[in-house]
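The chain contents come next:
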Amino acid sequence: MIEGALLAQDIELLKRVSKGDEEAFRQLYDLTHRKVYFYLYRLVHGRQMAEDILVETYTEVWRNASKFKGKSRAGTWIIGIARNLAMNQLRKVKVHEDIDLIKNLSNGSQPNGRPFDRKRVIKKALLTLSTKHQEVLDLVFFHGLTYQEVSEILGIPINTVKTRVFYAKESLKQCLNQLGVKRDDL
Amino acid sequence: MIYNPEEFKERIIPYLNGMLSEKEREVFEETLHQNPQLAKEFREFSEIKEVYKEMEGEFSIPSSHLYHQILEHIKSEKKPIWPIVGIEYMEKTKDFFNWIFLSPRLSWGIVAVQLAVILFLLIGIPKDSGFKTLTSKPPLLREGIKINVVFDQETREKEIRELINRIGGSIVSGPSPEGLYIIEIKETKDIEKTMRALKESGITQFVEKVPF
C-alpha cells in the first residue's frame, strides 16, 4: 500500500518534470541524488568521474522524464540511467584499483597500532570484489532494492541476481581469508 | 512451520531490508533458531549489511554546486521548454501516431486501400471517358483534302450546303454528336483560300485541316 503510494508520487513528480517543472526536478534531485552518487562513486571509484556522470544522469532524467512509466521507483529508474552512463564511461577509461592498502591490513592490525577493526577490513575487502559482485551488494544492501528491481537495473533474470548475491558474499569471504581474517563466518 | 534452506536463503536479504511480512518474519526467525548452518549464513550477510550501514554514515555528500551544473547543462542544450498545453498536445499526437504506426491495423489498412485502387482501375473506369477532341480520325480511302468544320448552332442546313457548294467541297462525314463535319475538297484546290472562305463565312466556329 505504502509502496503503491510512493510509486504514484514518483509518477506525478516525473510527470511534472517532463512538463518542464524545475521545482519538481529539484525535489526529485534532493530525494535521489545522494544514493545515485553513492552508487556511481562505488562503481567508478572516483569522485570527479562520479560527479561528472551524476550531472549527465540528471540531464538525461530531465530529457527523458516523460519515458518514466512507473514500473519501478524513480530512484531505481535513475540508477538504471546512471549505470548505463557509467558503464559507457568505464569502457573508455580503465579503472585501476589500488589494493595495496588492503594488503597492509592483512596482519590483523592497523599501521598506527590501533586494535583490529573488522568492519574496516571488510569495507576495504569490498573494494577488491569484481565490479559485478560489488555492484549487486551495493544495490541490495545500500540501496535496499528488491531482487526484482536489481534485475531490472542490471538487465538480468531474478534468479541470476539471487545467485550473484551469494557468489559475491563467497567472494568477499575468500578475500578476507586471504587477508588473514580467520573466522567461521564471512 | 519453518523454511527449507532455499526458501530461507531467498529471504535473508528481504529480512535484513525489512521487506518481509510479519508472518514471514516469524517463520524466518523460527528457522534461524532451529538451523545453525543457516544461522551462520545469516550472520555473514548481516555483517555485510552492518558494514554498509556504517559506510552510509561516513559517505560524503556530493558537491553542492552539482545541481547548478546540471541546470546549466540543461539550459545550454537550448531545448525549448514547451508550454504545458503544447506538451500535452504533443504527447497526445505522439501517442496517436504510435498507435497508428505501431498497430497492425495500419498494414491491413494499406493493403485494403491498395486492393480497392486495383479493383477500381480494373473494372471501375468506363471505357468512354467522355473527353473528346474535335480533331477527327482521318477517313480512309478518299483522295481529297479533308477539313474539320463545326458550324454555329443556329446555322441552317441550307446555309451549310450553300457554303460547301461555294468552296467546291463535299461532306465526308458528320455531323457528329458534337456537331463536327468533315468536308473534302479536291487536291487541286487552294487549301488556304478554302480555309479562309470557311472561316470568313460567318457561320463556322471551328475550321481545321485534318492532319495526315
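Residues numbered from 1 in each chain as written. Chains lettered and ligands numbered in written order. Predicted model: local features only at pLDDT ≥ 70, side-chain atom pairs only at ≥ 80, totals over all residues.

Caption draft 1: Spotlight on the overall build of chain B. Counting secondary structure elements, chain B contains 8 helices and 4 strands. Across chain B, helices and strands are ordered from the amino to the carboxyl terminus as α-α-α-α-α-α-β-α-β-β-α-β. Here chain B holds 212 residues, and the buried ones make up 15% of them. (Helix = DSSP H or I, 4+ residues; strand = E, 2+ residues; numbered from the N terminus. Buried ≥ 20, exposed ≤ 12 C-beta atoms within 10 Å, placed from the backbone.)

Caption draft 2: Quick peek at the overall build of chain A. Helix and strand content of chain A: 9 helices and 0 strands. Helices (α) and strands (β) of chain A occur, in sequence order from the N terminus, as α-α-α-α-α-α-α-α-α. Split into buried and exposed, the 186 residues of chain A put 38% on the buried side. In chain A, the proportion of contacts linking residues at least 24 apart, taken out of those at least 6 apart, comes to 64%. (Contact = placed C-beta atoms within 7 Å.)

Caption draft 3: Up close: the interface of chain A and chain B. The interface is formed by 29 residues belonging to chain A together with 31 residues belonging to chain B. For the side of chain A that touches chain B, the elements supplying multiple residues, two or more each, are α2 (22–44), α3 (47–64), α6 (118–128), α7 (131–142) and α9 (158–178) of chain A. The element contributing the most residues to the side of chain A that touches chain B is α3 of chain A, with 6 residues. Split into classes, the residues belonging to the side of chain A that touches chain B amount to 14 nonpolar, 6 polar and 9 charged. (Nonpolar A, V, L, I, M, F, W, Y, C, P; charged D, E, K, R; others polar.)

Caption draft 4: How the structure looks around the packing of α7 of chain A against helix α3 (residues 36–58) of chain B. Between α7 of chain A and α3 of chain B, whose axes approach to 10 Å, the crossing angle comes to 80°. On the basis of their axis angle, the class for α7 of chain A and α3 of chain B is roughly perpendicular. Counted together, L137, F141 and F142 of chain A of α7 of chain A and I48, K49, Y52 and E56 of chain B of α3 of chain B form the full contact between these two elements. Looking at the contact of α7 of chain A with α3 of chain B residue by residue, the class counts come to 5 nonpolar, no polar and 2 charged. (Axes fitted to C-alpha atoms, helices over the stretch in contact; angles between N-to-C directions. Parallel < 35°, antiparallel > 145°, perpendicular 65-115°, else oblique.)

Caption draft 5: Representation of α6 of chain A. Here α6 of chain A has its buried residues at V121, I122, A125 and L126 of chain A. The buried residues of α6 of chain A occupy an angular sector of 145° when the element is viewed end-on, so they sit on one face. (Arc of directions from axis to C-beta.)

Caption draft 6: Expanded view of the pairing of strand β2 (residues 169–173) of chain B. Residue and element names in this part refer to chain B. Relative to strand β3 (residues 180–185), β2 runs antiparallel, the two sharing 4 bridges. Along β3, the bridge assignment pairs S173 with I182. From the end of β2 to the start of β3, which pair antiparallel, there are 6 residues, and G174 there has a positive phi angle of about 115°. (Pairing = 2+ DSSP bridges.)

Caption draft 7: Structural view of the nonpolar core. Ranked by internal contacts, the top residues of the largest apolar core, which has 63 residues, are L40, A82 and V140 of chain A. When residues in this core are grouped by element, the largest group, 11 residues, is from α2 of chain A. Judged by nonpolar contacts, the second largest core, of 11 residues, contains F151, L163, Y181 and I183 of chain B. (Core = buried A, V, L, I, M, F, W, Y, C linked by C-beta atoms within 7 Å.)

Caption draft 8: Representation of the sheet that holds β2 of chain B in the model. All names here are of chain B. Pairing in this open sheet of 4 strands is antiparallel, and the strands run β2-β3-β1-β4 from one edge to the other. Of all the strands in the sheet, the pair left with one neighbour each is β2 and β4 (204–209). This sheet shows a mean twist of 30° between the axes of neighbouring strands, independent of strand direction. Direction of pairing for strand β1 (residues 145–151) relative to β3: antiparallel, over a ladder of 6 bridges.

Caption draft 9: Broad picture of the confidence of the model for chain B. Summing up the model confidence of chain B, the mean pLDDT is 82 and the portion of residues at 70 or higher is 85%. The spread of mean pLDDT over the elements of chain B runs between helix α5 (residues 84–101) of chain B, the lowest at 70, and helix α2 (residues 22–34) of chain B, the highest at 93. (pLDDT = per-residue confidence, 0-100.)

Caption draft 10: Structural view of α2 of chain A. Residue and element names in this part refer to chain A. End to end, α2 covers just 29 Å across 23 residues, shorter than the expected 33 Å (1.5 Å per residue, more than 12% under). Maximal helix bending in α2 amounts to about 50°, located at T32. H45 lies just past α2 and shows a positive phi near 55°. (Expected span 1.5 Å × (residues − 1). Bend = angle between axes of the 7 residues up to and from the residue.)

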